[in-house]
Amino acid sequence: MTQKNMTAEPAALLSRYLCTVEFDVDGGIIAIGASPFGDQRAGYVTGGRITGPRISGEVLPGGGNWSRAGRLGSDSSVGTFDARVVWQTEDGEMIYVTYSGRNVIPDDVRAEFVDPAQPYVDPQRYYLRIAPVFETASEKYNWLNGVLAVGVGERTSFGVRHIIHEIR
């Protein structure tokens with residue numbers, strides 16, 4: 001019996017650009033309130049766009065994000081994501097997308113971040129990351145069923161934009 005080589009280098013973590021997704025979030029965030037489990041909120045996704053070299057289409061209305069907020073130290077808020085949306089590709093295929101994630105917004109950025117009249121807040125001033133997974137019955141996009149991805153997000157005048165990379 002041979003022993004495994006315990007000094008071997010682990011596999012490299014590689015990523016490849018998958019797409020950019022813009023979520024339209026009309027109506028803002030519904031504040032449910034602070035329960036013993038955190039400050040619960042819900043946001044309704046009214047549409048959006050997907051653009052990328054291997055996948056393009058639209059985000060269908062009806063998805064949403066159920067998030068919680070709390071504090072991270074004395075100078076920042078922290079939040080979680082629990083989102084579900086349906087994408088329809090430009091060739092009519094359906095893809096169910098779920099994602100979790102985190103945001104950290106310093107207190108000195110918070111007022112700008114939540115103000116819908118503020119068209120742009122520099123994404124270098126806050127942290128917004130997601131980890132989407134995909135589910136589809138499409139033969140053409142079957143490869144997505146095996147993909148874990150990460151996204152870097154930014155708040156926009158229409159909602160949020162995520163630049164998504166496939167982790168390989």
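Quick caveat: nothing in here was measured; it's all calculated off a predicted structure. (Residues numbered from 1 in each chain as written. Predicted model: local features only at pLDDT ≥ 70, side-chain atom pairs only at ≥ 80, totals over all residues. Heavy atoms only, no water.)

**Some remarks on the confidence of the model for the protein chain**
As a general rule, the predicted coordinates of low-pLDDT regions are not to be interpreted in detail.
Argument step 1. For the protein chain, per-residue confidence averages 92 on the pLDDT scale, and residues scoring 70 or more make up 96% of the total.
Argument step 2. Mean pLDDT across the elements of the protein chain ranges from a minimum in strand E2 (residues 29-35), with 88, to a maximum in strand E5 (residues 57-59), with 98. (pLDDT = per-residue confidence, 0-100. Helix = DSSP H or I, 4+ residues; strand = E, 2+ residues; numbered from the N terminus.)

**Section: the pattern of salt bridges**
Argument step 1. The full count for this structure, using the stated rule, is 10 salt bridges.
Argument step 2. Where Arg84 meets Asp82, a salt bridge forms, and the shortest distance between an N and an O atom there is 3.0 Å.
Argument step 3. Look at Asp82 and you get partly exposed, because its relative accessible area is 34%.
Argument step 4. Among the charged side chains, a network of salt bridges with common partners joins Glu22, Asp24, Arg49, Glu154 and Arg161. (Salt bridge = Lys/Arg side-chain N within 4 Å of Asp/Glu carboxyl O. Buried < 20%, exposed > 50% of the residue type's maximum accessible area, 1.4 Å probe, protein only.)

**Overview of the packing of aromatic side chains**
Argument step 1. Evaluation of the coordinates by the stated rule reveals four aromatic pairs.
Argument step 2. Measuring from ring centre to ring centre gives 5.6 Å for Trp87 and Phe134, while their planes differ by 55 degrees; the resulting arrangement is tilted. Note that Trp87 is positioned in strand E7 (residues 76-89) and Phe134 in strand E9 (residues 127-135), a separation of 47 residues in sequence.
Argument step 3. The class for Trp87 is buried, based on a relative accessible area of 1%.
Argument step 4. When its relative accessible area of 6% is taken as the criterion, Phe134 is described as buried.
Argument step 5. The interplanar angle of 75 degrees and the centroid separation of 4.8 Å between the aromatic rings of Phe113 and Tyr126 together place this pair among those described as edge-to-face. Separated by 13 residues along the polypeptide, Phe113 in helix H1 (residues 107-114) and Tyr126 in the loop between H1 and E9 bring together distant segments of the chain. Like Tyr126, Phe113 is buried.
Argument step 6. Sitting over the ring of Phe158, Arg49 keeps its end group 5.3 Å from the ring centre. (Phe/Tyr/Trp six-rings, centres within 6.5 Å; stacked < 30°, edge-to-face > 60°. Lys NZ or Arg CZ within 6 Å of the ring centre and 35° of its normal.)

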